[in-house]
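# Structural overview
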Amino acid sequence: MSERTVFQSMSQRHVVSLPPHASVWEAACIMTKANCGSVLIIDGAGVMQGILTERDLMTRVLAKALNPQTTQVSEVMTHNPHSVGPDMKVSEAVLIMIERGFRHLPIVSPASKILGVFSVRDALPREIGNAVSLAEFHDQVNDALG
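Worth saying up front: this structure is predicted, and the values here are computed from it rather than measured. (Residues numbered from 1 in each chain as written. Predicted model: local features only at pLDDT ≥ 70, side-chain atom pairs only at ≥ 80, totals over all residues. Heavy atoms only, no water.)

### Things to note about the layout of surface pockets
Its boundaries defined by the atoms lining it, the largest pocket holds a volume of some 390 Å³. T53, R55, F102, R103 and H104 are, among the 18 residues lining the largest pocket, the residues nearest its centre. Looking at the lining of the largest pocket, the elements with two or more residues in it are β3 (48-53) and α3 (54-62). Considering every element that reaches the lining of the largest pocket, the biggest residue donor is α3, with six residues. For the lining of the largest pocket, a count of residues per class yields five nonpolar, seven polar and six charged. When its volume is computed, the second largest pocket comes out at roughly 230 Å³. Of the residues forming the lining of the second largest pocket, the biggest block, three residues, is contributed by strand β6 (residues 114-119). (1 Å grid on protein atoms, 1.4 Å probe; cavity = no way out; pocket = protein on both sides within 12 Å on 5 of 7 lines; lining within 4 Å. Points joined across faces, edges and corners; volume = space filled by probe spheres on them. Helix = DSSP H or I, 4+ residues; strand = E, 2+ residues; numbered from the N terminus. Nonpolar A, V, L, I, M, F, W, Y, C, P; charged D, E, K, R; others polar.)

Dropping the structure here:
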């Protein structure tokens, strides 16, 4: 079986986004409602300006005692985040995420259309399933060998 692409593995196919002037509080609310760990910050022309993640909320807002209702996402987001195309293999994307120290990777089409965000969580389901299958196989072998 061929390796999955990041687009095939994305758990959410809709783009969760806010404008740069939105408050951090709005970002936290939309992330909670969408059950996701990041929100893309997109300007009025549809251009991605940045990304705000759960980690950003903790390290750049809470740890600095900023007011989430008055702090704009543009003040604390990661500007110009690294993005990849939809055909990138999951293993390649995970390697980028490990090497660069982040957990969310925007997916952008060759025509510059924002398709969503690949999360490290999106890489796990099949791999966890494979590990469970392997563990079950080991149990069966041990049972057969007595």
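What follows continues from the structure just given.
### Topic: the packing of helix α2 (residues 24-34) against α3
To characterise two packed helices, one gives the angle between the axes of the helices and the distance between these axes. α3 packs onto α2 with a crossing angle of 150 degrees between their chain directions and a minimal axis gap of 11 Å. Taken as axis vectors, α2 and α3 run roughly antiparallel relative to one another. In terms of crossing hand, the pair formed by α2 and α3 is left-handed. Across the interface between the two elements, V24, A28 and M31 from α2 touch E54, L57 and V61 from α3. The residue makeup of the contact of α2 with α3, split by class, is five nonpolar, no polar and one charged. (Axes fitted to C-alpha atoms, helices over the stretch in contact; angles between N-to-C directions. Parallel < 35°, antiparallel > 145°, perpendicular 65-115°, else oblique. Left-handed = near helix turned anticlockwise from the far one by under 90°. Contact = heavy atoms within 4.5 Å.)

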